[in-house]
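Per-entry structural report
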Amino acid sequence: MKPKVYITRKLPESIINKIEEVCQVRMWKEENEPVPREVLLHEIEQADGLFCLLTEVIDREVLNAANKLKVIANMAVGYNNIDTEEAAKKDIIVTNTPDVLTETTADLTFALLMSTARRIVESSTYLKEGNWKTWSPMQLSGQDINGAKLGIIGMGRIGKALIERAKGFNMDVSYYNRSRKLDVEEAFNVTFLDKDSLLKESDFICILVPYSPEVHHFIGERELRLMKNSAILINTARGGIVDENALFHALKNEEIWGAGLDVFKEEPVSLENPLLSLPNVTALPHIGSSSEATRLEMADLTAENLIQVLVGKKAITPVNG
Ligand code: NAP
Ligand code: GLV
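Treat the numbers as computed from the prediction; the structure is a model and nothing was measured.

A separate point is the domain arrangement of the protein. When its domains are assigned, the protein resolves into domain 1 (4–98 + 292–310) and domain 2 (102–283). Taking the mean C-alpha position of each, domain 1 and domain 2 sit 31 Å from one another. Counting from both sides, the interface comprises six residues of domain 1 and, opposite them, four residues of domain 2. Here domain 1 and domain 2 share an interface that buries about 500 Å² over both sides, 50% of which is from carbon and sulfur atoms. Applying the counting rule to domain 1 against domain 2 returns zero salt bridges. Partitioned by chemical class, the residues of the side of domain 1 that touches domain 2 number three nonpolar, three polar and no charged.

Right, here's the structure in full:
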């Protein structure tokens, strides 16, 4: 008997075929709609393996509904959507997709930084809406990227890949992380700063730390007040790390200059979210890792992790043992 797998979203054919070679597959077949909670709770009862996305909350209720689950393979590097401690208690392996998305996400982070600083989306809209009447001296003027000070919060895989992009623009890079990264400091000539000093000194602040209760609202009213009036905040990590209400007020009152957001507290973000009404916010629908090649690699690694555990081998990239 092949093990039973539930897949929570329609996947590319090649990935489904790969899983079907070893498993019996059931799948939520919609591409643009997440699996309803009641369907997931029902499907998990008989599943040996789960292939899920960051949109699925795998909490105690889901884990309790599972009778024989051995592996949860998350198609994302972040896994704050999964109660990993509870999974470990039940001997369920949880896996994620590190490395394969590092460069693509660093690209998007830097693109969002550039786009926000040089008002690219706003300028394009300005032109298309027929507002471009003439060239004028301070029209749509932004902030310089070359030579500016970049502060990175979270010096892991993506943070490190971001340094390489920033160095190409001659930026002066510092970072804050819970542990010092002396190898990175030496290799890239970057400086470790405490959190407050980084916020005070940086022109650009990029958040690349995983979400956990420890970093909930890591950037709030106090932190925003420390930043320069010309500072730009970029968040490609998780929405809950920034207090969105405090960010709205800081942007509205010109306490900081702009923000580039790929992630939000609630996703998909409501059009009622006041941040979307601000011209100095560049907002994206969580596309950090979204290149065709990278999303395929992520799906493939997720499938590999799932299969490995179900055939009794070690997961390739486990997060909990
Ligand atoms: P990573 O390699 O695990 O790096 C995370 C870094 O954050 C590590 O250096 C870690 O420090 C540090 N850190 C963890 N908790 C901290 C805390 N409480 N205070 C200070 N530093 C802390 O992760 P990654 O691959 O770079 O990915 C980072 C995050 O980016 C993911 O978790 C995900 O949320 C997000 N992401 C988003 C997208 C997107 O589509 N927008 C795509 C990919 C990733 P230690 O070295 O001391 O453990
Ligand atoms: C995306 O947000 C990821 O964590 O991979």
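The tendency in soluble globular proteins is for nonpolar side chains to be buried side by side. Counting residues in hydrophobic clusters, the biggest one holds 50 residues, and the most contacted among them are Ile19, Phe51, Leu150, Ile152, Met171 and Phe204. No other element matches the seven residues that helix α12 (residues 292–310) contributes to this core. Counting contributing residues per domain, this core is built from domain 1 (4–98 + 292–310) and domain 2 (102–283), each supplying no fewer than three. In contact with Phe51, not counting residues within four places along its chain, are Tyr6, Ile7, Thr8, Leu11, Ile15, Ile19, Ala73, Met75, Ala299, Thr302, Ala303 and Leu306.

This part takes up the environment of Asn229. Within the element layout of this structure, Asn229 appears in the loop between α10 (221–226) and β10 (232–235). On the accessibility criterion, Asn229 (54% relative accessible area) is exposed. When the C-alpha atoms of Asn229 and Val281 are compared, they prove to be 15 Å apart, with 52 residues separating the residues in sequence. A polar side-chain atom of Asn229 sits 3.0 Å from the main-chain carbonyl oxygen of Glu255.

This next bit is on the pattern of salt bridges. Where charged atoms from two side chains of opposite charge come close, those side chains can pair. Applying the stated criterion across every chain yields a total of 20 salt bridges. Glu61 is the salt-bridge partner of Arg37, the closest N and O atoms lying 2.8 Å from each other. Placement of the pair is Arg37 in helix α2 (residues 37–43) and Glu61 in helix α3 (residues 60–65), with a sequence separation of 24 residues. Between Glu185 and Arg180 there is a salt bridge whose closest N-O contact spans 2.7 Å. With relative accessibility at 14%, the residue Glu185 sits in the buried group.

Residues in close proximity to ligand 2 include Leu54, Ala76, Val77, Gly78, Leu101, Arg238 and His286, which together make up its full environment. At 2.8 Å, a side-chain N or O of Arg238 approaches an oxygen atom of ligand 2. Residue His286 places a side-chain N or O atom 2.6 Å away from an oxygen atom belonging to ligand 2. When ligand 2 sits alone it has 200 Å² of accessible area, and the protein chains cover 87% of it.

With that out of the way, let us pick up the packing of aromatic side chains. Scanning all chains against the criterion turns up four aromatic pairs. Centroid distance Phe110 to Phe169: 4.9 Å. Interplanar angle 45°. Geometry classified as tilted. With Phe110 in helix α5 (residues 102–117) and Phe169 in the loop between α7 (157–168) and β7 (172–176), this residue pair connects regions lying 59 residues apart in the sequence. Overall, the relative accessible area of 31% leaves Phe169 in the partly exposed class. On the basis of an interplanar angle of 35° and a centroid distance of 6.2 Å, the ring pair of Tyr176 and Phe192 is categorised as tilted. With Tyr176 in strand β7 and Phe192 in strand β8 (residues 191–192), the pair connects residues that are 16 residues apart, well separated along the chain. Taking the relative accessible area as the measure of exposure, Tyr176 reaches 21% and is therefore partly exposed. Phe192 sits in the partly exposed class, given a relative accessible area of 24%. In this structure an aromatic cluster arises from ring pairing among Tyr175, Tyr176, Phe192 and Phe218.

Sheet strands pair via backbone hydrogen bonds, and the direction of the pair is either parallel or antiparallel. Taken in spatial order, the seven strands of this open sheet run β8-β7-β6-β9-β10-β11-β12, and their pairing is parallel. Strands at the two margins of the open sheet, each flanked by one partner only, are β8 and β12 (281–283). The sheet contact formed by β7 and β8 spans two bridges and is parallel. Residue Ser174 lies in a different strand from β8, and its bridge partner there is Thr191. Running over the sheet, α7 touches β6 (149–153), β7 and β9 (204–207) and is turned about 170° from β6.

So, how was this worked out
- Residues numbered from 1 in each chain as written.
- Chains lettered and ligands numbered in written order.
- Predicted model: local features only at pLDDT ≥ 70, side-chain atom pairs only at ≥ 80, totals over all residues.
- Heavy atoms only, no water.
- Domains from an automatic or database assignment.
- Contact = heavy atoms within 4.5 Å.
- Buried area = accessible area lost by both parts, 1.4 Å probe.
- Salt bridge = Lys/Arg side-chain N within 4 Å of Asp/Glu carboxyl O.
- Nonpolar A, V, L, I, M, F, W, Y, C, P; charged D, E, K, R; others polar.
- Core = buried A, V, L, I, M, F, W, Y, C linked by side-chain atoms within 4.5 Å.
- Buried < 20%, exposed > 50% of the residue type's maximum accessible area, 1.4 Å probe, protein only.
- Helix = DSSP H or I, 4+ residues; strand = E, 2+ residues; numbered from the N terminus.
- Polar contact = N/O pair within 3.5 Å; in protein donor to acceptor, adjacent residues only side chain to side chain.
- Near = heavy atom within 4 Å.
- Areas by Shrake-Rupley, 256 points an atom, 1.4 Å probe, with all protein chains shown as cover.
- Phe/Tyr/Trp six-rings, centres within 6.5 Å; stacked < 30°, edge-to-face > 60°.
- Pairing = 2+ DSSP bridges.
- Axes fitted to C-alpha atoms, helices over the stretch in contact; angles between N-to-C directions.

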